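Listed below, chain by chain, are the residues.
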Amino acid sequence: MKLIKTTVLALTLFGFAHAALAADSVATVNGKPIKQSLYDYISKDATARGQTVDANVKQMIVDKLISSELVYQEAQRLGLDKQADYLAQEELSRRELLVNTYLADFIKKNPVSEASTKAAYEQLKKEMGDKEYKASHILVATETEARDIIAQLGKGGDFAKIAKEKSSDPGSKENGGDLGWFSPGTMVKPFSDATVALKKGAVTANPVQTQFGWHVIKLQDTRAAQPPAYDKVKPALQKKLQQEQLEKVLSDLRAKAKIVTN
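The shown structure was predicted, so the numbers you read here are calculated from the model rather than taken from an experiment. (Residues numbered from 1 in each chain as written. Predicted model: local features only at pLDDT ≥ 70, side-chain atom pairs only at ≥ 80, totals over all residues. Heavy atoms only, no water.)

Asker: Got a minute to help me understand the overall build of the protein in this structure?
Answerer: A count of helical and extended segments in the protein gives 9 helices and 6 strands. What you see for the protein is a C-alpha radius of gyration of 32 Å, clearly larger than the 18 Å of a compact globule of 262 residues, by over 25%. Burial status across the protein gives 25% buried among its 262 residues. Partitioning the contacts of the protein with sequence separation of at least 6, the portion at a separation of at least 24 is 64%. Just so you have it, the protein exposes about 18,700 Å², and 57% of that area is on carbon and sulfur atoms. Charge separation in the protein, taken as the distance between the mean sites of 38 positive and 32 negative side-chain charges, equals 4 Å. (Helix = DSSP H or I, 4+ residues; strand = E, 2+ residues; numbered from the N terminus. Rg over C-alpha atoms; globule rule 2.2 N^0.38 Å. Buried < 20%, exposed > 50% of the residue type's maximum accessible area, 1.4 Å probe, protein only. Contact = heavy atoms within 4.5 Å. Areas by Shrake-Rupley, 256 points an atom, 1.4 Å probe, with all protein chains shown as cover. Lys, Arg positive; Asp, Glu negative; His and termini not counted. Charge placed at Lys NZ, Arg CZ, Asp CG, Glu CD.)

Asker: Looking at this model, I keep getting lost on the sheet that holds strand 4 (residues 178–182). Mind explaining?
Answerer: Adjacent strands of a sheet pair through backbone hydrogen bonds, lying either parallel or antiparallel. Strand order in this open sheet of 4 strands is 4-3-6-5, and the pairing throughout is antiparallel. The open sheet has two edge strands, strand 4 and strand 5 (208–210), and neither has a second partner. Across this sheet, the average inter-strand angle for adjacent strands is 40 degrees, counted without regard to direction. Here strand 5 runs beside strand 6 (residues 213–224); their pairing, made up of 3 bridges, is antiparallel. Note on strand 6: the bridge partner recorded for Thr210 is Gly213. Contacting strand 3 (131–140) and strand 6, helix 7 (residues 159–166) runs over the sheet at an angle of about 50 degrees to strand 3. Running over the sheet, helix 8 (residues 189–197) touches strand 3, strand 4, strand 5 and strand 6 and is turned about 155 degrees from strand 5. (Pairing = 2+ DSSP bridges. Axes fitted to C-alpha atoms, helices over the stretch in contact; angles between N-to-C directions.)

Asker: Any chance you could explain the packing of helix 4 (residues 84–109) against helix 9 (residues 230–256) here in plain terms?
Answerer: Packed helix pairs are specified by the crossing angle of their axes together with the interaxial distance, meaning the distance between the axes. At a minimum axis separation of 11 Å, helix 4 and helix 9 run at an interaxial angle of 120 degrees. When the axis of helix 4 is compared with that of helix 9, the two are oblique. As helix 4 packs across helix 9, the resulting crossing turns out to be right-handed. Contact residues: Tyr102, Leu103, Phe106 and Ile107 in helix 4; Gln242, Gln245, Leu246 and Val249 in helix 9. In terms of residue class, the contact of helix 4 with helix 9 is made up of 6 nonpolar, 2 polar and no charged. (Parallel < 35°, antiparallel > 145°, perpendicular 65-115°, else oblique. Left-handed = near helix turned anticlockwise from the far one by under 90°. Nonpolar A, V, L, I, M, F, W, Y, C, P; charged D, E, K, R; others polar.)

This is the structure in structure tokens:
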């Protein structure tokens, strides 16, 4: 009688355990449960991206998890999860996931303030200056080429025509070298300094060297600066400030760490 009671109790406990296991899974594949938490994460992520998780989508999620589990089990059967390349990739993926989770958590706990964003906006306007310039340029590889072009222009050569023929800047050559309107702060310093020094309609008397090559610059016009509206650049400024925060975090961690390179 005692044995029978013990057996009944064991079967009852097994039944409870099986029910609990079933409640915590969305399906089983070859006896292995697929966790409810996996389904919940995919469903939550889809909702966050604006997708409506209706009955069809729910079934698609379950089917995807089942298919994934089938392949996962087969890969394990073949021993692919023991290969060195897989183990290295798995470790790197886990590391990257944790790093990204840390960075997301830091950003969430340290949001960029409105005051900081507005200060960055004022700095942007300061860097832009109070004047914008409209200029054209001809970019070539050597100083000799640039001086030859300046000589041609001095003899009445057509700037736009020469730019189309000889400039190596793909972004402007088809427009006769026209760069449109820009503020000095958006150009590399040697280029902006040379442009600011020109009078309207004038061409640089000497070639201007930058990391891109040698420039012949013609100033077409100037106007009062028109800084972008705060609301338009606010997201970009906040992203820039967040990046600076993260760079400081990394710098601080490096400063405190003992690093030995083998």
